[in-house]
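Overview (structure and organization)
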Amino acid sequence: MEPNSNCDSLASAKEQNALEFHMGKAIGAIVAVIVVVVAAYFLFFFVDVDQTQEGELPSVSVEGGQMPEADVQTGDVDVGTEEVTVDVPTVDVTPAPEEGADEPAAGVATDNQQPATNN
């Protein structure tokens, strides 16, 4: 077995997982579209309305009349700007150290280390 074959198989496995993930998303989108189309079709034909009589607008005549008078008093609103200094607190964030950060991930070779092979 070649020394790089393990890395190649990891890469191809990652590519396969990515392909399966994208394929799953595409199938999910297709199923969602089909569900929406079937629901719309069902709702469109769910109600059947048949007109049984012709409609007619009423005849209306308007004569005279007067609009009511109103005495309205409103409050005054003064709008302006004012410069204000605001103290904003600072936040210092120190992330927790990752577990095993000093050790390389399993199956990953460092600069001075050959990848592990299964014989």
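Below you will find a few notes about this structure.

Definitions and limits used
All residue numbers refer to positions counted from 1 along the written sequence of the respective chain. For this predicted model, a pLDDT threshold of at least 70 governs which residues receive local features, and a threshold of 80 or more governs which side-chain atom pairs are given and counted, while totals over whole chains, interfaces and linings are taken from all residues. The side-chain figures draw on all heavy atoms in the structure; neither hydrogens nor water molecules are used. Aromatic pairing here means that ring centres of Phe, Tyr or Trp (its six-membered ring) are within 6.5 Å. Orientation follows from the plane angle: under 30 degrees is stacked, over 60 is edge-to-face, and everything else is tilted. Only protein chains enter the accessibility calculation, which uses a 1.4 Å probe; a residue is then buried when its area is under 20% of its type maximum, exposed when over 50%, and partly exposed in between. Patches here: salt-bridge-free residues with over 30% relative accessible area, like charges joined within 9 Å, nonpolar side chains (Val, Leu, Ile, Met, Phe, Trp, Tyr) joined within 5 Å. Only the protein chains shown count as covering a residue, and every accessible area follows the Shrake-Rupley method with a 1.4 Å probe. Here, a salt bridge means any Lys or Arg side-chain nitrogen found within 4 Å of an Asp or Glu carboxyl oxygen. In this description a helix means any DSSP run of H or I spanning at least four residues, a strand means any run of E spanning at least two, and both kinds are numbered starting from the N terminus.

The next point concerns the packing of aromatic side chains. Each pair of aromatic rings is reported with the distance of its centres and the angle of its planes. Inspection of the entire model under this criterion finds 2 aromatic pairs. On the basis of an interplanar angle of 90° and a centroid distance of 4.9 Å, the ring pair of phenylalanine 44 and phenylalanine 45 is categorised as edge-to-face. On the accessibility criterion, phenylalanine 44 (62% relative accessible area) is exposed. Three or more aromatic residues joined by ring pairs make a cluster, and in this case those are Tyr41, Phe44 and Phe45.

Judged by side-chain polarity, Phe42, Leu43, Phe46, Val47 and Val49 come together as a nonpolar surface patch covering roughly 590 Å² of accessible area. Relative to the helices and strands, valine 49 is located in the segment after helix H1 (5–46).

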